[in-house]
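Next come the chains, spelled out residue by residue.
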Amino acid sequence: MKKSLTIIIIFLFFTSSFSQNKLGNPEVDPIQIQKTFSDWSIYQSKNIMLSRDFVAFDSSSKEISKETFLDQLANGNFIPIQLKSEANEYVYKLFKILPKTDTSIKATINQIGFDAYKNFKMEGTAFPKFSFKDLNGNLVTNESMKGKIIVIKCWYIHCTPCIREFPQVNKLVEEYKDRKDIVFISLAEDSPEQLKTFLARKPLSYSVIPDMKEYMNEALQLNSFPTHFILNKEGMISKVLPNFESLEVALAKESKL
C-alpha cells in the first residue's frame, strides 16, 4: 500500500512539474494590453489563434482542456494571452479583465470565444450531406469527394474580409496544385449571375457554388464570414477556421497526415 502511495505521489509531482514547465512569462503585459481596444485588437488578431492546437491554462495557472478554455472565454470575464514557450508549441493563459477596461473588449472576446467554441464542437463530426453544382455545371457531392481532403470557403460578395483574403487563398490553391487529393470548394450566398460578374473582376481559384445562403444558414448554422472548413478523407470535419492565417496552418498539418 505504501509503495502504491509513493508511486502516485511521484506521478503527481512530475505531472505538476510538467505543467509548470509550460508556464513561461506572458508575451505582453496583460494589464497594459487592456489599455485601449486598438492595442488589444491588434495583439489578438496577430497572436491568438483559437483554432490551433494549444496548451491552455486558467487564471489560476491550472492546466485545462481547450474546450473549457473556450467556454470560459465565451462566458467569462477573461482575456487570452500567449505565454513564452518552446518552438512549435503554443500556450495560452486566461487573465482577468480589469474593471476599468473598455467594455467592448469583453464583448468582443465573448463573441470570439463563442464562435471558437462552436467551431471546436463541430470538429470530428460529419459534414452535412450535400449535392451541389458549381458555376461550371460540375456536380459536387459527399460521395464524389470521398478519399479527398476538402477545403471549403464560405463567403458572399459583400463580405469585405472574405474578399480581402482572395489573393492569399488563391496562392494556397497554387501551392497545393500538385496534390490531386486536395480539393478547394467555395460556398457563396449569391446568385450565379452576380458571382460571374463579380469574379470576372476578382478571380477566385476555388470551385464556386452559388445560392448557398440557405444551406450555410440552416445546415451549417454559420453566423460569421468568412468561415473555412477542412474535411478529412473520410468526410469528417477536421477543422473549422475563421480566417486564412488559421487555414494555412491547419491545412499544412492535415496535408501531412
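Predicted model, so just to flag it, every value in this text is computed and none were measured. (Residues numbered from 1 in each chain as written. Predicted model: local features only at pLDDT ≥ 70, side-chain atom pairs only at ≥ 80, totals over all residues. Heavy atoms only, no water.)

(A) Region of interest: the nonpolar core. Of all hydrophobic cores here, the largest spans 49 residues; its most connected members are Phe 127, Cys 154, Trp 155, Phe 184, Leu 187, Leu 220 and Phe 229. Considering every element that reaches this core, the biggest residue donor is strand 7 (residues 149-155), with six residues. Membership of the second largest hydrophobic core comes to 26 residues, among which are Met 49, Leu 73, Phe 78 and Ile 97. (Core = buried A, V, L, I, M, F, W, Y, C linked by side-chain atoms within 4.5 Å. Buried < 20%, exposed > 50% of the residue type's maximum accessible area, 1.4 Å probe, protein only. Helix = DSSP H or I, 4+ residues; strand = E, 2+ residues; numbered from the N terminus.)

(B) Focus on the packing of aromatic side chains. Tallied over the full model, the rule gives 14 aromatic pairs. A ring pair is formed by Phe 127 and Phe 229, whose centres lie 5.3 Å apart and whose planes are at 75 degrees; its orientation type is edge-to-face. Of the two residues, Phe 127 sits in the loop between helix 4 (103-122) and strand 5 (131-133) while Phe 229 sits in strand 10 (residues 227-231), which places them 102 residues apart along the sequence. Side by side, Phe 127 and Phe 229 carry an identical accessibility label, which is buried. When the ring of Phe 184 is compared with that of Tyr 206, the centres are 5.3 Å apart and the planes differ by 65 degrees; the resulting orientation is edge-to-face. Of this pair, Phe 184 sits in strand 8 (residues 182-188) while Tyr 206 sits in the loop between helix 7 (192-201) and strand 9 (207-209), and the two are 22 residues apart along the sequence. In this pair, the class of Phe 184 matches that of Tyr 206, namely buried. Here a set of aromatic residues connected by ring pairs shows up, and it is made of Phe 127, Phe 130, Phe 132, Tyr 215 and Phe 229. Just above the ring of Tyr 90 sits the side chain of Arg 52; from NZ or CZ to the centre is 3.5 Å. (Phe/Tyr/Trp six-rings, centres within 6.5 Å; stacked < 30°, edge-to-face > 60°. Lys NZ or Arg CZ within 6 Å of the ring centre and 35° of its normal.)

(C) Quick peek at the packing of helix 2 (residues 37-47) against helix 4. It is at 10 Å that the axes of helix 2 and helix 4 come closest, and there the two elements cross at 25 degrees. When the axis of helix 2 is compared with that of helix 4, the two are roughly parallel. In the packing of helix 2 onto helix 4, the handedness of the crossing is right-handed. Listed contacts from helix 4 to Phe 37, Trp 40 and Gln 44 of helix 2 are Ser 104, Ile 105, Thr 108, Ile 109 and Ile 112. Residue composition of the contact of helix 2 with helix 4, grouped by class: five nonpolar, three polar and no charged. (Axes fitted to C-alpha atoms, helices over the stretch in contact; angles between N-to-C directions. Parallel < 35°, antiparallel > 145°, perpendicular 65-115°, else oblique. Left-handed = near helix turned anticlockwise from the far one by under 90°. Contact = heavy atoms within 4.5 Å. Nonpolar A, V, L, I, M, F, W, Y, C, P; charged D, E, K, R; others polar.)

Bear in mind that shape data such as this cannot, by itself, settle questions of function.
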